[in-house]
Amino acid sequence: MRRHGARSGRGFGVFLAFSGAYPSTAVAIQRPSRVSDDTYKHLIRFCNSCGAGVTHRIPEGDTLARAVCDACGTIHYQNPKLVVGCVPVHGDRILICKRAIEPRYGLWTLPAGFLENAETVPAGAIRETLEEANARVEIDDLYTVISLPYINQVYVMFRARLVDLDFGPGSESLDVRLFDEADVPWEEIAFRTITRTLRNYFVDRRLGAFPVRLSALERRRPVPPNLLAAG
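**Regarding the overall build of the chain**
For the chain, the helix and strand inventory stands at four helices and 11 strands. Evaluated residue by residue, the chain yields a buried proportion of 42% over its 231 residues. A sequence separation of at least 24 residues applies to 65% of the contacts in the chain between residues at least 6 apart. For the chain, the accessible surface area stands at approximately 12300 Å², while carbon and sulfur atoms represent 51% of it.

**Let's talk about the environment of T120**
Looking at where T120 falls in the secondary structure, it is placed in the loop between β7 (112–114) and α2 (121–133). Sequence separation of T120 and V84 is 36 residues, and the distance between their C-alpha atoms is 9.9 Å. Among the polar contacts made by the side chain of T120, one reaches the main-chain amide nitrogen of A123 at a distance of 3.2 Å.

**A word on the sheet that holds strand β1 (residues 54–57)**
Across a sheet, paired strands are connected by hydrogen bonds in the backbone, their directions being either parallel or antiparallel. Ordered by their spatial adjacency, three strands build an open sheet running β1-β2-β3, and the pairing between neighbours is antiparallel. Looking along the sheet, the strands with just one partner apiece sit at the ends: β1 and β3 (75–76). Where β1 and strand β2 (residues 66–69) come together, four bridges link them in antiparallel fashion. Looking at the pairing, T55 lines up with V68 of β2.

**Concerning the nonpolar core**
Counting residues in each nonpolar core, the largest one holds 25 residues, and the members touching the most others are I94, I96, L110, Y155, I194 and L198. Of all the secondary-structure elements, those providing two or more residues to this core are β4 (81–90), β5 (93–99), β7, β8 (137–148), β9 (153–162) and α3 (192–207). A total of four residues in this core trace back to one element, the largest contributor, which is α3. Those residues within four positions of L198 in sequence are excluded, and the remaining contacts are I94, I96, L110, V184, W186 and I189.

**A look at the packing of aromatic side chains**
Under the defined criterion, the tally for this structure stands at six aromatic pairs. The interplanar angle of 85° and the centroid separation of 6.2 Å between the aromatic rings of Y143 and Y201 together place this pair among those described as edge-to-face. Residue Y143 is located in strand β8, and its partner Y201 is located in helix α3; the two are separated by 58 residues in the primary sequence. Take Y201: its relative accessible area is 6%, and that puts it in the buried class. An angle of 75° between the planes, with centres 5.8 Å apart, marks the rings of Y201 and F202 as edge-to-face.

**Quick look at unusual backbone geometry**
Residues E102 and P103 are joined by a peptide bond in cis, for which omega reads -5°. Along the chain, P103 turns up in the loop between β5 and β6 (108–109). The phi angle at A118 is positive, at roughly 60°, despite the residue not being glycine. Looking at where A118 falls in the secondary structure, it is placed in the loop between β7 and α2. The phi dihedral of N152 is positive, around 55°, even though this residue is not glycine. On the secondary structure map, N152 appears in the loop between β8 and β9. Accessibility expressed as a relative area gives 12% for N152, which makes it buried.

**Section: α3**
The terminal C-alpha atoms of α3 lie 22 Å apart, and with 16 residues this matches the ideal 22 Å at 1.5 Å per residue to within 8%. Elements that come into contact with the buried residues of α3 comprise β4, β5, β6, β8, β9 and β11 (213–216). Of the residues one or two after α3, G208 is the one with positive phi, at around 85°.

**A closer look at α2**
Turn by turn, an α-helix covers 3.6 residues, leaving residues three or four places apart pointing in a common direction. Across its 13 residues, α2 extends 18 Å between first and last C-alpha, which sits within 8% of the 18 Å expected from 1.5 Å per residue. Within α2, burial applies to G124, A125, R127, E128, T129, E131, E132 and A133. Against the buried residues of α2 lie β4, β5, β7, β8, β9 and β10 (173–179). With a side-chain oxygen lying 3.2 Å from the backbone nitrogen of A123, the N-terminal cap of α2 falls on T120. Directly beyond the C-terminal end of α2, a positive phi value near 50° is found at N134.

So, how was this worked out
Residues numbered from 1 in each chain as written. Predicted model: local features only at pLDDT ≥ 70, side-chain atom pairs only at ≥ 80, totals over all residues. Heavy atoms only, no water. Helix = DSSP H or I, 4+ residues; strand = E, 2+ residues; numbered from the N terminus. Buried < 20%, exposed > 50% of the residue type's maximum accessible area, 1.4 Å probe, protein only. Contact = heavy atoms within 4.5 Å. Areas by Shrake-Rupley, 256 points an atom, 1.4 Å probe, with all protein chains shown as cover. Polar contact = N/O pair within 3.5 Å; in protein donor to acceptor, adjacent residues only side chain to side chain. Pairing = 2+ DSSP bridges. Core = buried A, V, L, I, M, F, W, Y, C linked by side-chain atoms within 4.5 Å. Phe/Tyr/Trp six-rings, centres within 6.5 Å; stacked < 30°, edge-to-face > 60°. Expected span 1.5 Å × (residues − 1).

Here's what the structure looks like:
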């Protein structure tokens, strides 16, 4: 069971993507820059088919650099990961989990995690909710799709209804609670995707309609020192 924040040494699985054309056909392998809390993803170095070393270059007919095996010709593609989850609702309250793993240990999040092979997106959201909150849900509709291009992830969140109130912390949760809107610990929410999903949900509930919300989040830029001093 590999869940949200549980891959590669309890961190996010992050794949490094290239953009733009390089001036030469070969790109030197360098240590990747830090892309999220305690998370690094190294470039592919060896071919998954024959075990030979690979070269990172733009294959003929492509526009992006790939890991290409010069021995057998296999081209290795690295693609974004899907994080699937839901907004589990009981009456006017939402079920939220307190994380027992890094990153963001001790902060609150909606149940969500990486989609597994051979799994549908709704089934992944149901599984993650059961694993993290021991909660059973019925999936309603797709709700938010949030792209995070700087760590190559896409969040897919559904609206869902709790089947019963028999829930509790799973192995990756310290606590699981139902929150009214007024009681949500906004300053202790683990991820911006979850904050956006929750805020959208409460706004849409007041409006009486839940459209599918498609958006993206970019990497946060550091605040310039002069603005910090002025504040």
